[in-house]
Structure formats: C-alpha cells, structure tokens
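# Tertiary structure, described
Residues per chain, in single letters:
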Amino acid sequence: MDKDLPIWILEPELTEKRDSSARKLFEGGQRTPHIPETISIYDIKRRIRAVREYARNNLDMFVAELKNNLKQKYPQVKVKSAQDSTEAVEYITRVSDGLNVVSINNSSIVAQELRPELTATGFTVVNSYLNEFDVEKRSILDYWDLPRLSDKNLLGTFEVSIKTAGLDPTNDTKKYLAVLGVNAISAEDCTVFFLEHFSNIHNDLRQAEKVLLVVGLDKIVKDRKDAIFQTKCMGIFGMESALLGIGPKSEGTLSLDELGLLPSDKSRELHVIILDNGRSNLLQVKYEDLFLCIGCRACNQHCPIQHSFTNVDYIWTPRNFLNQFLSGRSDSIDVCLHCEACRMECPLDIDLPHLMWQAKMDYVNKRSPSFYHRILGRPELLARLGTPLAPLANLLMNNGLIRSPMEIITGIDRKATLPKFHSRTFKKWFRKNA
Ligand code: SF4
Ligand code: SF4
C-alpha cells in the first residue's frame, strides 16, 4: 500500500530561468545540456487530441481502474461517485461537519457547476484564486508577466514544481473546506494534477481542515505522462484567457486568514468526488467531441459576445455556455453569432459553432418553437404585414406603450432598435428603375 495520495502542481516556468540553466550546463562542459527539444504547436495539438480521444474511448475502463486503485492504495481517502451536482453538494454538506466556509479554485467544475448549489445550501463560498489577486481594477500587471509562448520550448512553459502526498498535519490548519476541481488525474496510479498561477491551491491543500478533490469524468486519463501533458496544454492554450479574464477581488469577500485554527486533536480529511454531471451524456455521437475539451478557455479569447458569458467571479467560455444549455441549466443559446472564432482557437479543434446549431436543432425538435422564434424566424411574414401600413407600423414599433407588452410576448428588448418597414419594396423599386 502506498502512503498518501500524490498531488502534483504545475506552475509557470520563467523563460529566463530555463534558458540560463540550460546555458550554464552547456558552459560547464556538459555534452548534452538539458535543452528540451523544440515541438511545434501543431504537434502539440495533434498529441493532445490523441491523448483526449484515447481517454474518451476508454473511459469506462479508466474510471473502474481509478476507483479500484484509490480503494486499494489509498483507503484513507474517502471516495464518492456523484451523478450530478446536487448529489455532490449533498455529500459535501454531509461531510462538512458544521464548517460553513468553502474555498474553491477557478476550475469551471466548482466555479460554475457546484458553486450555485453550495451558495444556495448556505455555504459562504470564497474563490481563493480571485481572492489572491488583490488589485483595485482589472489590469495586467508586472506580476502577470508570464512567459511568452513561442514554438521554442513550448512544453517547458509550465512545469511540475510542487509534489505533495496526502494532507500533512500542520499547525495552521483552518476551519474551512477546500473544494478543488482537479485538472487531470492518472487512472494508473491516482496522481492528481493541478495547474496553478498563484499559490491558492497549494495554500488550500496545506491549510484547509477538509479537502474535497472534484474529478470530472473528462479529467481521467491513462497515466501520469498523459495527465502532465493535458495539464500543460491547459496552461499553454489558456494563458491568454487567464491573463485577460482576471478581475479585481469583490468587495467584502471573506479572507481565509480571518478563520479560526483547528484544535490540535482534530485530524484533517481528504475526499475525492468523481463527478459525472452530464459528462457521460456527451458520449453520444453528436456531442462526443465536447468530451475532449481540456477546459483551457482559449475559445473565449476572440468571441465577440464573451461579455455575455462573463460575470465578476467566473470566466465563462462558449464551451461552458453550450454545456449549460445541454444540461438544462440554461434555456437559450441564441446569443451565439456563429462567427467561428472559438473553433479557430480551440487546440482540440472542437467545432463549437456547429455543436451550437446541433443543440438548437435538437431543442426545437423536442419542443415546438416559441412564439419569439416563430415570429423572428419568418421575416418575410413580418414584412408582408408591416409594409402596407409602413408609417403606422413604424410609429407603433417605437411607441413605449407597445414595446413593453411586446417585450413580454416576443422577448425583444424594448430598447432594441428595430429595422423600419418601407412602403416601397425593393421589387417595386426595381420594376420602376430597371
Ligand atoms: S461562434 Fe459563437 S460562441 Fe463561438 S466565438 Fe463566435 S459568437 Fe462566440
Ligand atoms: S472548447 Fe474551449 S475550453 Fe475546451 S479545449 Fe477548446 S478552447 Fe479549450
């Protein structure tokens, strides 16, 4: 039996540091200085796609292997399989043992999937990632001067820099729960991987009384090699979104430093929650590519409507947006412009715009289209109705007394500027002027 569950953290590696250590080895006469070989971004994309497809195609086997290894090698770790977020939050509540403060990392599985229910259940939820970035306004500072990405040594941009095992007994354990979404886990030996830009995850592992590691089914891969590679890819492709998406700490956010210390006779607890929450439904052929997603958030970078996805505490992405719709947590994906920008950025080449169409078609096929869709989807009918009475129709369309009920019935915002009707149609104009 191994001693404690291995938990490894990857952090940004400074370009200067890498280059100078390689130079020193070279200058010191070593014949083969450890300068990692150049790998192109295209090769990385090909390799991550292969890693993800392998994990998806062998999911059942890897889930069984992971559960079995956790049970055999780390019986002190409490393992829970949760079908959905409600079951996961019920488990967290059950084991919380009166603790009511939860620290989460910025992983979407906790920040988006679990957080709303944790808050509704009465927990005070602190996003420790945002909490650590203590600035007054949204901006990129020197602090964020992370390595530039270039084809030279791309894979060295993020390295495993902290290796821990289980939860150490410490003198500064605080009375709170840490619920942390993991970035990858190896089915072969259960090593857990996190990507960290600050020190929030390491701090939570060091000081939270109870740590619950949340493993989405899509984070389970074959072995350590694949898990490290997947976590590195999250960093490489997601760094720009992380830089641009960071925001100031919300006012009045609780500081974990204010919490009381755990009495020395109480021990710490480590739990692993294996969470499905709609992931296995993605394995049906139409949406199976979504299961390949590594959660890097690159699809957010050039999305023209990304501000519709973003609120102060979350970095939303087109992928999350679609996920929310498919899992029934949102009832519209109408804001997508199908501009393809997200598809161009995705390192896994996931065709999100097509999947948005597919999801919309499936939705409409299951239910009859809403009045809003029936009206807006037939502009020729609207034109036929409005053209004969164009001046009157335009007057009514701009009347506040009409726009309010119209907003309720059709969903069209009362402040939206609507196109005008014209009595002289293009056909009439053409017949006269051709
Ligand atoms: S296709 Fe839709 S989700 Fe993707 S970038 Fe364009 S607007 Fe955003
Ligand atoms: S869909 Fe978005 S978050 Fe997922 S891998 Fe592609 S770019 Fe990254």
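Residues numbered from 1 in each chain as written. Chains lettered and ligands numbered in written order. Predicted model: local features only at pLDDT ≥ 70, side-chain atom pairs only at ≥ 80, totals over all residues. Heavy atoms only, no water.

Near ligand 2 you find Cys293, Ile294, Gly295, Cys296, Arg297, Ala298, Cys299, Arg319, Cys346, Pro347, Leu348 and Leu352, and these make up its full shell. Of the residues belonging to the shell around ligand 2, the class tally is nine nonpolar, one polar and two charged. (Near = heavy atom within 4 Å. Nonpolar A, V, L, I, M, F, W, Y, C, P; charged D, E, K, R; others polar.)

Turning our attention to unusual backbone geometry. Phi is mostly negative for residues that are not glycine, and the peptide bonds are mostly trans. A positive phi angle, close to 75°, is found at arginine 297, a residue other than glycine. With respect to the helices and strands, arginine 297 occurs in the loop between strand E11 (269-275) and helix H9 (318-326). Phi is positive for histidine 338, close to 55°, though the residue is something other than glycine. One can find histidine 338 in the loop between H9 and helix H10 (341-345). (Helix = DSSP H or I, 4+ residues; strand = E, 2+ residues; numbered from the N terminus.)

Within the structure, ligand 1 sits among 13 residues, and Cys303, Cys336, Leu337, Cys339 and Cys342 are positioned closest to it. Residue classes in the shell around ligand 1 are distributed as 11 nonpolar, one polar and one charged.

Turning to the sheet that holds strand E9 (residues 208-216), a few remarks are in order. An order of E2-E11-E9-E6-E3-E4 is seen for the six strands of this open sheet, with the pairing classed as parallel. In this open sheet, the two edge strands, each paired with only one partner strand, are strand E2 (78-82) and strand E4 (124-127). Within the sheet, the average angular offset between the axes of one strand and its neighbour, ignoring direction, is 25°. As defined by bridge partners, strand E6 (residues 174-181) adjoins E9 across six bridges and the pair is classed as parallel. Paired with leucine 180 across the bridge in E9 is leucine 213. (Pairing = 2+ DSSP bridges. Axes fitted to C-alpha atoms, helices over the stretch in contact; angles between N-to-C directions.)

So, on to the sheet that holds strand E8 (residues 192-195). Sheet architecture is open: five strands sit in the order E5-E1-E8-E7-E10, paired in mixed fashion. Looking at which strands have only one partner, the edges of the open sheet turn out to be strand E5 (158-165) and strand E10 (220-221). Relative to E5, strand E1 (residues 6-12) runs antiparallel, the two being bridged by seven bridges. Considered in E5, the bridge of glutamate 11 is made with glutamate 159. Relative to E1, helix H7 (residues 200-207) is tilted by about 155°, and along the sheet it contacts E1, E5 and E8. (Contact = heavy atoms within 4.5 Å.)

The final tally for this structure, using the stated rule, is five aromatic pairs. Taking 5.7 Å as the distance between ring centres and 25° as the angle between the ring planes, the aromatic pair formed by phenylalanine 426 and tryptophan 429 counts as stacked. Residue phenylalanine 426 and its partner tryptophan 429 are both found in helix H16 (residues 426-433); the two are separated by three residues, about one turn of the helix. The exposure class assigned to phenylalanine 426 is exposed, which follows from its relative accessible area of 60%. Tryptophan 429 gets classed as partly exposed once you look at its relative accessible area, which sits at 37%. These aromatic residues form a ring-pair network of at least three members: Phe426, Trp429 and Phe430. Sitting over the face of the ring of phenylalanine 229, arginine 47 holds its NZ or CZ atom 3.8 Å from the ring centroid. (Phe/Tyr/Trp six-rings, centres within 6.5 Å; stacked < 30°, edge-to-face > 60°. Buried < 20%, exposed > 50% of the residue type's maximum accessible area, 1.4 Å probe, protein only. Lys NZ or Arg CZ within 6 Å of the ring centre and 35° of its normal.)

So, about helix H15 (residues 400-410). Arg403, Met406 and Thr410 are the residues of H15 that are buried. All buried residues of H15 project into a common sector of 65° when viewed along the axis, lining one side. Those residues of H15 that are exposed and aimed more than 90 degrees away from the buried face are Leu401 and Ile408. Those residues of H15 that are buried are in contact with helix H12 (371-376) and helix H14 (390-397). Capping the start of H15 is the job of one residue whose side-chain oxygen sits 2.7 Å from the backbone nitrogen of leucine 401: asparagine 399. Directly after H15, the chain includes glycine 411, whose backbone phi takes a positive value near 85°. (Arc of directions from axis to C-beta. Polar contact = N/O pair within 3.5 Å; in protein donor to acceptor, adjacent residues only side chain to side chain.)

Moving on, we come to the confidence of the model for the protein. Mean pLDDT over the protein: 83, with 83% of residues reaching 70 or higher. Across residues 20-26 the pLDDT falls below 50, and counting only partners more than four positions away or on other chains, this stretch makes seven contacts in the model. (pLDDT = per-residue confidence, 0-100.)

A contiguous nonpolar surface patch, about 610 Å² in accessible area, is contributed by Leu389, Leu392, Leu395, Leu396, Leu401 and Ile402. Of all the secondary-structure elements, those providing two or more residues to the nonpolar patch are H14 and H15. For the nonpolar patch, the leading source of residues is H14, giving three residues. Tracing the backbone through its elements, the reader meets leucine 401 in helix H15. (Patch = residues over 30% accessible without salt bridge, like charges linked within 9 Å, V, L, I, M, F, W, Y side chains within 5 Å. Areas by Shrake-Rupley, 256 points an atom, 1.4 Å probe, with all protein chains shown as cover. Salt bridge = Lys/Arg side-chain N within 4 Å of Asp/Glu carboxyl O.)

This part covers helix H11 (residues 352-366). Here H11 is 15 residues long and its end C-alpha atoms lie 21 Å apart, about the 21 Å a rise of 1.5 Å per residue gives. For H11, the full list of buried residues reads Leu352, Pro353, Leu355, Met356, Gln358, Ala359 and Asp362. Packing partners of the buried residues in H11 comprise H9 and H10. (Expected span 1.5 Å × (residues − 1).)

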